[in-house]
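Residue-level listing of the chains:
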Amino acid sequence: MYPIWEVPHLSAGIVLALIATFHILPSHLSVGAMWINVYIETKAYRESRPDLLEFVKKYTLLLLVFAYVFGSLSGVGIWYAATVANPRGISGLIHNYVWGWATEWVFFIVEVTGIFIYYYTLGKVDRRTHLKIGWIFAVTSWITMVIITGILSFMLSPGKWPETGGFFDGFFNQTYWPQLFLRTAVMFAISATYAVAVATRLKNDEAKRLVIRTASQWGFAGLLIASGALFWYLKALPEASIGLMGMIVPQGLKNGIFAAWGAMLAYFLFARLKPLSIKLVPAIAAIMVLFIGIWSTERTREMIRKPYVISSYLYSNQVIGKDIAPKGVKAEIARINKEGILRVSPFVPDGLREITDGNRLQAGRMIALIECSACHVLDKTGLRPLPQMVKKLNLTDAAVAGNILTALGGFPYMPPFAGTEAEKAALAAFLVSLNK
Ligand code: HEC
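Fair warning: this is a prediction, and the values are worked out from it, not measured in the lab.

Definitions and limits used
- Residues numbered from 1 in each chain as written.
- Predicted model: local features only at pLDDT ≥ 70, side-chain atom pairs only at ≥ 80, totals over all residues.
- Heavy atoms only, no water.
- Helix = DSSP H or I, 4+ residues; strand = E, 2+ residues; numbered from the N terminus.
- Buried < 20%, exposed > 50% of the residue type's maximum accessible area, 1.4 Å probe, protein only.
- Areas by Shrake-Rupley, 256 points an atom, 1.4 Å probe, with all protein chains shown as cover.
- Lys, Arg positive; Asp, Glu negative; His and termini not counted.
- Charge placed at Lys NZ, Arg CZ, Asp CG, Glu CD.
- Expected span 1.5 Å × (residues − 1).
- Bend = angle between axes of the 7 residues up to and from the residue.
- Domains from an automatic or database assignment.
- Contact = heavy atoms within 4.5 Å.
- Buried area = accessible area lost by both parts, 1.4 Å probe.
- Salt bridge = Lys/Arg side-chain N within 4 Å of Asp/Glu carboxyl O.
- Polar contact = N/O pair within 3.5 Å; in protein donor to acceptor, adjacent residues only side chain to side chain.
- Nonpolar A, V, L, I, M, F, W, Y, C, P; charged D, E, K, R; others polar.
- Arc of directions from axis to C-beta.
- Donors = N, O, S within 2.8 Å, 3.2 Å for Na, K, Ca; no water.
- Tetrahedral: all angles 85-135°; square planar, octahedral: opposite > 155°, others 65-115°.
- Near = heavy atom within 4 Å.

## Quick word on the overall build of the protein
Along the backbone of the protein there are 17 helices and two strands. In terms of overall dimensions, the protein has C-alpha extents of about 85 × 45 × 35 Å along its principal axes. Here the protein, with 436 residues, has 53% of them falling under the buried criterion. Only carbon and sulfur atoms are counted for the fraction: they give 67% of the accessible area of the protein, which is about 19,900 Å². When the 41 basic and 26 acidic side-chain charges of the protein are each reduced to a single mean position, those positions are 8 Å apart.

## Comments concerning helix α3 (residues 87-121)
A rise of 1.5 Å per residue sets the reference length of α3, with its 35 residues, at 51 Å; its end C-alpha atoms lie only 42 Å apart and thus fall more than 12% short of the reference. Along its length, α3 shows its largest kink, about 75°, at tyrosine 97. Residue glycine 123 follows α3 closely and has a positive phi angle near 80°.

## What to know about the domain arrangement of the protein
It is common to report an interface's size as the accessible area lost on association of the parts. Examined at the domain level, the protein breaks down into domain 1 (12-315) and domain 2 (333-434). Here the C-alpha centre of domain 2 lies 39 Å away from the C-alpha centre of domain 1. Across the contact, nine residues belong to domain 1 and nine residues belong to domain 2. When the buried area of domain 1 at its contact with domain 2 is split by residue, Lys306, Pro307 and Tyr315 rank highest and sum to 52% of it. Counting across the domain 1 and domain 2 interface gives zero salt bridges. Along the contact surface separating domain 1 from domain 2 lie zero residue pairs in polar contact (both at pLDDT 80 or more). Grouping the constituent residues of the side of domain 1 that touches domain 2 by class yields seven nonpolar, no polar and two charged.

## Some thoughts on helix α9 (residues 239-247)
An α-helix turns once per 3.6 residues; consequently, residues spaced three or four apart project the same way. Along α9, the positions that sit buried rather than exposed are Ser241, Leu244 and Met245. One side of α9 holds all its buried residues, which, seen down the axis, span an arc of 110°. The exposed set on the far side of α9, more than 90 degrees from its buried face, consists of Glu239, Ala240 and Gly246. Where α9 is buried, its residues meet α4 (127-156), α8 (205-236), α10 (251-273) and α11 (280-303).

## Here we look at the coordination of the iron atom of the ligand
Protein coordination of the iron atom of the ligand is provided by His376 (NE2) and Met414 (SD), with donor distances spanning 2.0 to 2.2 Å. One can describe the site at the iron atom of the ligand as octahedral: its six donor atoms subtend angles covering 86 to 178° at the metal. One end of the pair, histidine 376, is in the loop between α14 (360-371) and α15 (386-392); the other, methionine 414, is in the loop between α16 (398-406) and α17 (421-434), with 38 residues separating them in the sequence. Classification of histidine 376 as buried rests on a relative accessible area of 10%.

## As for unusual backbone geometry
Across the junction of lysine 306 and proline 307, the peptide omega takes the value 5°, indicating a cis bond. Its place among the elements puts proline 307 in the loop between α11 and β1 (308-310). The backbone of histidine 9 shows a phi angle near 70°, a positive value even though the residue is not glycine. Assignment of secondary structure puts histidine 9 in the segment before α1 (12-46). On the basis of relative accessible area, histidine 9 is assigned to the partly exposed category, the value being 42%. Unlike most non-glycine residues, serine 312 shows phi in positive territory, near 60°. Relative to the helices and strands, serine 312 is located in the loop between β1 and β2 (314-315).

## Regarding the environment of valine 377
Within the fold, valine 377 resides in the loop between α14 and α15. Since its relative accessible area comes to 4%, valine 377 is described here as buried. Put simply, valine 377 and proline 387 are 10 residues apart on the chain and 8.6 Å apart in space, counted from C-alpha to C-alpha. Apart from residues no more than four positions distant in its own chain, valine 377 is found in contact with Val7, His9, Leu10, Ser11, Gly382, Leu383, Arg384, Pro385, Leu386 and Pro387.

## Comments concerning the site of the ligand
Residues in close proximity to the ligand total 21 residues, the closest being Cys372, Cys375, His376, Tyr413 and Met414. Here a nitrogen atom of the ligand sits 2.8 Å away from a polar atom, N or O, in the side chain of histidine 376. The set of elements that each furnish at least two residues to the shell around the ligand consists of α15 and α17. With three residues, the top contributor of residues to the shell around the ligand is α15. Considering only residue class, the shell around the ligand consists of 15 nonpolar, two polar and four charged.

Next comes the structure, spelled out in structure tokens:
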């Protein structure tokens, strides 16, 4: 076990979610943009329209700077944030999928060098070669998504992996194909939104009209296909996740998904009909709308995985919930119940390992940090604040609070309490002290 990263009012998870949501824009742009770009470039050559190359150049520069500078920074940001927010979760993924990531990074290197080659050879090598570079980039960048989606979907639905421990048993799980399909459709919508924004900066009206029309068609089609894929994805979800969808996913998030989806469809339709009336400011507003839609979708995906960070294996609070026999991994609840969480966790201040009358509340707070803070901040405001939860149940009696802790694993979205009876009493006393 590792130290806890406490982020007051926000929680470590939300810091990670903010970085990850932002990252989806450049990452999906990086895998989708080149398909539109190569299409326009081919059109420019076939129809002798050099004016279209102005778009190709501008769009590639956006790709280079936004996707490969900000995308790479936020990608590394996800690694840092995830490593401190949930070290054991990341460790679990690395121990199973290190070769998946290694493979992804081979393609990633081709992609990162490819974008520079593509940008700086435009107009300097013959057209066929340049288009080939574009195609190589488009395909290799998409393959990075083909790989990463296996690891991401594994966290929600690990397939047969808990029984077999097999790499591909977890990789090609029940939600893999619908999620890959969904991300592929969405990447076209995201890339199209940026293409429209870039096209608003073109000097030539003819080029502007053509690019905005083309991009909005790609975006509209992408969103329609995405809605089919979303339906398929929902059907593939584990039963427990479908239950959580109705139980803990706030209506606001569901509204966010549908409102963003509807607004983007209307935007693409309008852009298709009146391409020259789209200006830069509304085009940027459309990117914000995308952000809201992505935030809502990704937060929902995180919530329906509760109480796990890796389903059927590791709880969000990093306690191992189940035996994974083929990997020699043992569930920890029984052991922690016997030895105590304050003794099993290495990063507990020495004075708190033994609970006394003098340190009971402090020890209770430490246990809450270790076992609850992945999903509840301890402050009065923020992510599911523990003081608000306690108020909701009007806990004033430590014995009642203790009973709730005993029953905690009965909530479909919370891991069971792990610890000795004395620790449970200390946490119960701390919870009651929050109800003021
Ligand atoms: C995996 C995430 C997760 C962890 C870890 C977790 N909780 Fe929760 N808890 C939730 C969710 C989700 C809710 C529902 C919140 C809501 O209704 O908005 C909740 C609700 C509660 C409630 C209100 C009960 C209700 O009516 O739903 C209490 C009390 C509570 N949690 C206490 C705790 C304590 C104490 C711990 C640590 C021992 C803990 N939780 C750990 C996710 C978690």
